[in-house]
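Chain and residue survey
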Amino acid sequence: MIRVGVVGLGKMGLSHLSMVRAHPDVEVVAICDATSYMIDVLSKYTGVKGYTDYSAMLAGTPMDAVVIATPSASHAPLTRQALERGLHVFCEKPFVLDADDGEALARLAQERGRVNQVGYHYRFVGAFQEMKRLLDAGAIGTVSHVMAEAYGPVVLKPKGSSWRGKRSEGGGALYDYAAHPINLLNWFFGPALEASGTVLGQVFSKETEDEVYGTLRFRDGISGQLSVNWSDESHRKMTTKITVWGTEGKIYADRQEIQVFLRDGSTPPAGYLKGWNVRYTTDLTKPVYFYVRGEEYSAQLDHFVAAIRDGRTDNENAFASANETDRALSMMIADARGEASERSGERAQRAPEKRKRWFFAAS
């Protein structure tokens, strides 16, 4: 059995705790949260040893891996502590708020030979997995453009700030929401090379942005438009969708389905016809060992556990991969400031636009 500790028992932490406790190859041996009441209740009814101090948990209970589901600003130091103790690490997204920290942690995980993974669960959604498969197979020819969107009703009125609404703690809509579609673009097309036209706009929040718009450039001349708003109450819950245009057709995917249009001159892959095709996530998703929130959440934890069991460190959503997303987010912040926004090569300085633009310094 793989011995696991869980730190951070908010919404996602409790979900991860329920899923990892149900895994047939896992024994949860410790839990940790700053709220003593939460620890008292969970320890009483689960029998799992509880801590309010993370360092004490690592020192006091032998374990093989840790699941980190704390506020984003704490991810880097908590991950480093775990790696230095030789533990495998699953960390919630976004990975870190400083991409240099992420790069250092990816190197450390590789040096220690530890399995490492970040919770970008959309890579385990059947429709997005099918989109990846079709793009890799060249089903729509040469890709020219992509539209990545995410909307939801997170911040709908001015109110007191939680950690999620503070740039220094949660990273705002950029890190908490835009990270998801950008991570999918990284999966499909590799790291972003440049950011331009970035707008980080406030709607209700006092200390960070609520909407993110801009353009990312990828290899082979692929351009990507990003449109994200977590103050959009026209959506009942978070909705992430990707649309890709190519010389031989078009692909659209969201959590529920994938729609594929193939032109008359294209060569359809097996199972597809020219014209419109629709396949549903329910038909593309494999059964999981336990269900909470969606199959993709259980699937990503099962993937992490399987990598530990099988001794593989080349698993999906590893730190190095997640850090490509953090680099793209950093480029967008730099672009919103009117600074250099290219990943590599010549870094021309951009003059700030005259119209008012919101941006916030990363901590």
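Everything that follows concerns the structure shown earlier in this document.
To keep things clear, this report deals only with the structure shown in the data block. Please read these numbers as outputs of a predicted model, since none were measured by experiment.

Tallying secondary structure elements over the protein chain gives ten helices and 14 strands in all. Taken over the C-alpha trace, the protein chain has a radius of gyration of 21 Å; the compact-globule value for 363 residues is 21 Å, and the two agree within 12%. For the protein chain, the spread of C-alpha atoms along the principal axes amounts to about 60 × 50 × 40 Å. Taking all 363 residues of the protein chain together, the buried fraction comes to 55%. Contacts in the protein chain between residues at least 24 apart in sequence constitute 69% of all its contacts with a sequence separation of at least 6. Accessible area of the protein chain: about 15800 Å², with a carbon and sulfur share of 49%. The protein chain carries 43 positive and 44 negative side-chain charges, and their two centres are separated by 2 Å.

On to the packing of aromatic side chains. Following the criterion strictly, the structure yields eight aromatic pairs and no others. Taken together, a centroid distance of 5.7 Å and an interplanar angle of 90° make the contact between Y122 and F128 edge-to-face. By the burial criterion, Y122 is buried, and F128 matches it. Clustering of aromatic rings is evident, with ring pairs tying together W187, F188, F189 and F218. Over the face of the ring belonging to Y297 we find R293, whose NZ or CZ atom lies 4.9 Å from the ring centre.

In this section: unusual backbone geometry. For the bond running from K93 to P94, omega is -10°, close enough to zero to count as cis. Secondary-structure assignment places P94 in the loop between β5 (88-91) and α5 (99-112). Of note, R293 is a non-glycine position whose phi angle comes to about 75°, a positive value. The residue R293 is located in the loop between α8 (281-284) and α9 (295-310) in this model. A positive phi is found at N317, a non-glycine position, where the angle reads about 65°.

Parameters and conventions
- Residues numbered from 1 in each chain as written.
- Predicted model: local features only at pLDDT ≥ 70, side-chain atom pairs only at ≥ 80, totals over all residues.
- Heavy atoms only, no water.
- Helix = DSSP H or I, 4+ residues; strand = E, 2+ residues; numbered from the N terminus.
- Rg over C-alpha atoms; globule rule 2.2 N^0.38 Å.
- Buried < 20%, exposed > 50% of the residue type's maximum accessible area, 1.4 Å probe, protein only.
- Contact = heavy atoms within 4.5 Å.
- Areas by Shrake-Rupley, 256 points an atom, 1.4 Å probe, with all protein chains shown as cover.
- Lys, Arg positive; Asp, Glu negative; His and termini not counted.
- Charge placed at Lys NZ, Arg CZ, Asp CG, Glu CD.
- Phe/Tyr/Trp six-rings, centres within 6.5 Å; stacked < 30°, edge-to-face > 60°.
- Lys NZ or Arg CZ within 6 Å of the ring centre and 35° of its normal.

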